[in-house]
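Geometric and topological summary
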Amino acid sequence: MSAFDQVSDRLAWSSTKWEKYRGRDVIPLWIADMDFPVAPVIQEAISAQVAHGNYGYMLPPQALTQAMLDYHQRQYGWQIQSEWIVWLPGLVLGINLAVKACCEAGQSAISFSPAYPPFLRAPGLQGSELLNIPFLPRPGCLTGALEYDIDFARLEAAITPDTRLLQLCHPHNPLGRLYTGAELKRMAALCERFNLFIASDEVHCDLILDGVTKHVPFALALAEHAPQLVQRTITIAGPGKTYNLAGLGIGWAIIPDPVLRTRFVDGMQKLVPDPSCFAYSALQAALNDAEDWRQEALIYLRQNRDLTSQALDQMGLPHTHPAATYMTWIDARELVPKVGKVMVYFEKHGVGLSDGADFGQPGFVRLNFACPRSLLIKALERMQSAVTAAKA
Ligand SMILES: Cc1ncc(COP(=O)(O)O)c(C=O)c1O
């Protein structure tokens, strides 16, 4: 049995994912964290700091900044500079700050949908407008597979002189999709033509499930198209998803242009705290020493993804077969006339999923398969009986 197979009692530590269903027999496969213990090297780094016994204010250590530079070079061939990094205690914050830095009242920010909900909400919250461009569904090559294209025609037609920002989720949550080289090029050309800023959230970029495909930061794709475009980018990322550190609260924005960076930092207006001392130490261990663990996690996740796809094929529900992330996006609209709200229906049958309505697509649900296989199998069996009952 591997460490990934162990079912731990996350209710003992008031896990958001598990508390939602405390006292109910519901397997929680909703919010995006993993039910796996972190890499032992990360746990050791935190333990060493606990043993030190002083938890006062802490600056990001120079060794951490160096680890960031090395990691970006090694993983993506991207040479970043230390002054480009703005540390953040969370990434939703970064999504909002990017809109605030790039858009004024009456201006708009693009998001493709379905989308991780903060992309749809941030423009309104920051006093600008959302330009929502739905993905175009395309029948996939695998049975039951659900694939999506960017609707470039609709995008081009919708952009106005007041459109300021392209928000990108790269790789995409909830679709688990990578953008092709051709799509990146086409988006880069649009950014140049319409003078757009780009906020690219790349938090899922080290969760490309085949373990070999290299992530291309959108800033690099832009640089290839036209080097000056890099000055219009804000790249948001962090270790929360890949290394399961969401509860530690740490991430970053990489902003090469000093003027844009100042606008972004000014937006914090002293309302935003620094990441905690434990978060810096955990991140340094993740960047330097957790690659073996990451590769093991990818193998486990890949098998869980395949299992999920097979089970959904048997249920007859169209679904994505994600290339990245640990989320499968499921089209359950067929069940709606019989069961009403599908998320609630599956909860009644013992499985807690995310409601597609929050991502802009009612009738869909998102399933997080980053859990021990025994739990996943049980949840998929419950879903199968729920679907059978609904279709009877
Ligand atoms: C694309 C994306 N960005 C940001 C976040 C959340 O980041 P944080 O918890 O650091 O605010 C998530 C969480 O699922 C996500 O999928």
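Given the structure is predicted, the values throughout are model-derived calculations rather than measurements.

The helix and strand inventory of the protein chain stands at 14 helices and 14 strands. Relative to the globule expectation of 21 Å for 392 residues, the C-alpha radius of gyration of the protein chain, 21 Å, shows essentially globular dimensions. Reported as C-alpha extents along the three principal axes, the dimensions of the protein chain are approximately 60 × 60 × 35 Å. Expressed as a percentage of the 392 residues in the protein chain, the buried residues total 56%.

Moving on, we come to the domain arrangement of the protein chain. By a widespread convention, an interface's size corresponds to the accessible area lost as its parts come together. By domain assignment, the protein chain separates into domain 1 (3-39 + 291-391) and domain 2 (56-289). Of the residues lining the interface, 34 residues belong to domain 1; the matching set on domain 2 comes to 33 residues. Across the interface of domain 1 and domain 2, roughly 2800 Å² is buried in total on both sides, 59% from carbon and sulfur atoms. Of all residues in domain 1, the largest losses of buried area upon contact with domain 2 belong to Arg 294, Thr 325 and Phe 359, amounting jointly to 21% of the total for that side. Joining domain 1 to domain 2, the criterion identifies zero salt bridges. Run the count over domain 1 and domain 2 and you get 13 residue pairs in polar contact (both at pLDDT 80 or more). Sorting the residues of the side of domain 1 that touches domain 2 by element identifies helix H11 (291-315), strand S11 (327-331) and strand S14 (364-368) as the ones contributing at least two each. Per-class residue counts for the side of domain 1 that touches domain 2 are 18 nonpolar, seven polar and nine charged.

What follows deals with the pattern of salt bridges. Pairing is possible between side chains that carry opposite charge, provided their charged atoms lie close to one another. Scanning the entire structure with this criterion turns up 17 salt bridges. Asp 35 is the partner of Arg 10 in a salt bridge, and the nearest nitrogen-oxygen pair spans 2.7 Å. You can see Arg 10 sitting in the segment before helix H1 (16-19) and its partner Asp 35 sitting in the loop between strand S1 (27-28) and helix H2 (40-52), a full 25 residues away along the chain. Between Arg 382 and Asp 25 there is a salt bridge, with the nearest N and O atoms lying 3.0 Å from each other. Linking Arg 382 in helix H14 (residues 373-391) with Asp 25 in the loop between H1 and S1, this pair joins segments that are 357 residues apart in sequence. Among the charged side chains, a salt-bridge network with shared partners connects Arg 138, Glu 147, Asp 149, Arg 177 and Glu 183.

A word on empty space enclosed by the protein. The final tally for this structure, using the stated rule, is three cavities of 30 Å³ or more. Roughly 140 Å³ of internal volume is contained in the largest cavity. Around the largest cavity, the lining is made up of 19 residues, and of these Tyr 76, Cys 205, Asp 206, Ala 237 and Trp 252 lie nearest the centre. Mapped by element, the contributors of at least two residues to the lining of the largest cavity are helix H3 (62-76), strand S9 (233-237) and strand S10 (251-254). Per element, the largest residue contribution to the lining of the largest cavity is three residues, and it comes from H3. Here the lining of the largest cavity is built from residues that sort into 12 nonpolar, five polar and two charged. Here the second largest cavity is characterised by a volume of approximately 40 Å³. Along the walls of the second largest cavity sit Ser 111, Phe 112, Ala 115, Tyr 116, Phe 119, Gln 167, Leu 168, Cys 169, His 172 and Tyr 179, which together make up its complete lining. Elements that contribute at least two residues to the lining of the second largest cavity include exactly strand S3 (108-113) and strand S7 (163-169). If you tally residues by element for the lining of the second largest cavity, the top one is S7, at three residues.

Near the ligand you find Ala 32, Gly 90, Leu 91, Val 92, Tyr 116, Cys 169, Asn 173, Asp 201, Val 203, His 204 and Lys 241, and these make up its full shell. In the environment of the ligand, a nitrogen atom lies 2.6 Å from a nitrogen or oxygen atom belonging to the side chain of Asp 201. Lys 241 is positioned with one of its side-chain polar atoms (N or O) 2.9 Å from an oxygen atom of the ligand. Computed on the free molecule, the ligand has an accessible area of 400 Å², of which 84% lies beneath the protein chains in the complex. Considering only residue class, the shell around the ligand consists of six nonpolar, three polar and two charged.

Roughly 240 Å³ of volume is contained in the second largest pocket. Taken together, 14 residues form the lining of the second largest pocket, with Leu 146, Glu 147, Leu 175, Arg 177 and His 321 sitting closest to its centre. With three residues, strand S6 (residues 146-149) is the largest single contributor of residues to the lining of the second largest pocket. Here the lining of the second largest pocket is composed, by residue class, of eight nonpolar, three polar and three charged. In this structure, the lining of the second largest pocket is formed jointly by two domains, domain 1 (3-39 + 291-391) and domain 2 (56-289), each of which donates at least three residues.

Right, let's talk about the state of the cysteines for a bit. For the structure shown, the criterion picks out zero disulfides. Residue Cys 169 stays outside any disulfide, its sulfur separated by 11 Å from that of Cys 205, the closest cysteine. The exposure class assigned to Cys 169 is buried, which follows from its relative accessible area of 7%.

The next thing to look at is H14. Across its 19 residues, H14 extends 27 Å between first and last C-alpha, which sits within 8% of the 27 Å expected from 1.5 Å per residue. Considered for burial, the residues of H14 that qualify are Arg 373, Leu 375, Leu 376, Ala 379, Leu 380, Arg 382, Met 383, Ala 386, Val 387 and Ala 390.

All right, on to unusual backbone geometry then. Of the consecutive residues His 170 and Pro 171, the connecting peptide bond is found in the cis state with omega at 0°. Secondary-structure assignment places Pro 171 in the loop between S7 and helix H7 (181-193). At Gln 269, a position not held by glycine, the phi torsion is positive, near 45°. Within the element layout of this structure, Gln 269 appears in the loop between helix H9 (258-266) and helix H10 (277-289). Phi at Lys 270 is positive, roughly 60°, even though this residue is not glycine.

Cut-offs and rules
Residues numbered from 1 in each chain as written. Predicted model: local features only at pLDDT ≥ 70, side-chain atom pairs only at ≥ 80, totals over all residues. Heavy atoms only, no water. Helix = DSSP H or I, 4+ residues; strand = E, 2+ residues; numbered from the N terminus. Rg over C-alpha atoms; globule rule 2.2 N^0.38 Å. Buried < 20%, exposed > 50% of the residue type's maximum accessible area, 1.4 Å probe, protein only. Domains from an automatic or database assignment. Contact = heavy atoms within 4.5 Å. Buried area = accessible area lost by both parts, 1.4 Å probe. Salt bridge = Lys/Arg side-chain N within 4 Å of Asp/Glu carboxyl O. Polar contact = N/O pair within 3.5 Å; in protein donor to acceptor, adjacent residues only side chain to side chain. Nonpolar A, V, L, I, M, F, W, Y, C, P; charged D, E, K, R; others polar. 1 Å grid on protein atoms, 1.4 Å probe; cavity = no way out; pocket = protein on both sides within 12 Å on 5 of 7 lines; lining within 4 Å. Points joined across faces, edges and corners; volume = space filled by probe spheres on them. Near = heavy atom within 4 Å. Areas by Shrake-Rupley, 256 points an atom, 1.4 Å probe, with all protein chains shown as cover. Disulfide = S-S within 2.5 Å. Expected span 1.5 Å × (residues − 1).

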